[in-house]
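Secondary and tertiary structure notes
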Amino acid sequence: MWYMFLFCFLCQFLFRFCFGPQHPASHGVLVIILNCSNEFLLYLDLQLGYLHRGTEKLMEFKSFEQGLPYFDRLDYVSVVFNEHLFSLAFESLLRVSLCLRVSYLRLLFLELTRVFNGLLSLSCSLFDLGSMSPLLWSFEERDKFSTFFDYVCGVRMHLAFICLCGVLDDFTFGCLDFLFFLNSSCFLLCDLVDHFVLTNRFVYLRLRGLTLLSFWDLCFNSLSGVLARCCGLLWDVRLFSCYELYSLFFYCFSLSFSGDAMDRFVLRLFDMRNSLLLCKQFLFWFLLFGFLSFLDFILNFDFLIDTLIYVFYMVWLIFCVGFSFAVIEHPKGEFSLVLVLFYFGFVRCRLRCADFLSVLLLDVLCRGFLLADLVAVIGNLDCVFGSVDR
């Protein structure tokens, strides 16, 4: 019975741990049952849904204005993107064409929120590796962003800036000056991260070769965003869909072929620089054309009474029947929304979140790696469990 002795010998090196639910790196409640051999991960059993609130079901009993705040509570780090997804689906249903100034303001806040999300993602992933200084740098910049949001919207977190068929408010005096200062200081922070983090040997050894993604994962696991671009696929919804005014701006894209955590870190940093470049172009066009009021009047001159009556009945009485689909390039990846409407409200609302699919890859990504690498992988995937559990 030699195999019994072999089994007993191997079992003394097998361990089972419960990771969570108190761990702060997951931005929510995540429970993982870890099956390990010494310090090597063999199998991960994910248990999700502890934050489940039934958002999609609750919205079926609400009106359009009441359904918009539910999206603020999904990914509470990138609030403006959630509002924009819902507004985009509603406007495509009504075939609404927004004026140029509203689209400009929306694009500005979208790219500022992308930088706002990237500051938290990169700094917290570095903090999980043991680096404290980038966390302090990034939260100082995030406080400047929150001050700007508070100056424009009146709140610091749940902005509610993008509303149905428009935006909340216009810029006030001094906003462009503060925005120019914010853009310059953020570029300086990206240079600091380039100089002190990317050239750090410890960060390179911890992230290079960690959780390799392959072409198989790209095809069969619905990867998008940074996870898709680190596998060599140049896919960005802003490039191929060109919603809002992205077709009028100059911006770059990058991709890599290694598919590891180091590539994903560098690509997120590149996305932050790209968003700051878009904000700088926004400042240029805004200062060149002023407030674009005259141009808006030329492009939107149809103010017939029949049009106003039609918009009143379609928007405020919500007397519409139809199917709508919208997709955006979220900082986490590709977010999409399907709305099925019938007369006075929703019939169905279905949301596809990219970070939910990223969390499901944890078992595949971490097999064979060390226990200490799990925290670095979770921070590198950039998941927020408000939208994962929803």
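Only a predicted model underlies this, so the values are computations on that prediction, with no experimental measurement involved.

A look at the environment of Asp-177
Inspection of the secondary structure puts Asp-177 in helix α7 (residues 175–196). Judged by relative accessible area, which is 58%, Asp-177 ranks as exposed. Each C-alpha atom of the pair Asp-177 and Leu-283 lies 9.6 Å from the other, and the pair is 106 residues apart in sequence.

Considerations on the packing of aromatic side chains
A full pass over the atoms with the stated rule returns 13 aromatic pairs. Pairing Tyr-104 with Phe-282 gives two aromatic rings, centres 5.8 Å apart and planes at 40°, and the pair type is tilted. On the criterion of sequence distance, the pair formed by Tyr-104 in helix α5 (residues 100–128) and Phe-282 in helix α12 (residues 261–289) is long-range, its members being 178 residues apart. A ring pair is formed by Phe-109 and Phe-161, whose centres lie 3.9 Å apart and whose planes are at 15°; its orientation type is stacked. Of this pair, Phe-109 sits in helix α5 while Phe-161 sits in the loop between α6 (133–153) and β4 (162–163); the two residues are 52 residues apart in sequence, bridging distant segments of the chain. Phe-161 shares its class with Phe-109; the two are buried. It is Arg-142 that lies over the ring of Phe-139; its NZ or CZ is 5.5 Å from the centre.

A short note on helix α4 (residues 79–94)
Owing to its 3.6 residues per turn, the α-helix aligns residues three or four sequence positions apart on the same side. The end-to-end C-alpha separation of α4 is 23 Å, in line with the 22 Å expected for 16 residues at 1.5 Å each. In terms of burial, α4 is a largely internal element, 15 of the 16 residues being buried.

Calculation rules
Residues numbered from 1 in each chain as written. Predicted model: local features only at pLDDT ≥ 70, side-chain atom pairs only at ≥ 80, totals over all residues. Heavy atoms only, no water. Helix = DSSP H or I, 4+ residues; strand = E, 2+ residues; numbered from the N terminus. Buried < 20%, exposed > 50% of the residue type's maximum accessible area, 1.4 Å probe, protein only. Phe/Tyr/Trp six-rings, centres within 6.5 Å; stacked < 30°, edge-to-face > 60°. Lys NZ or Arg CZ within 6 Å of the ring centre and 35° of its normal. Expected span 1.5 Å × (residues − 1).

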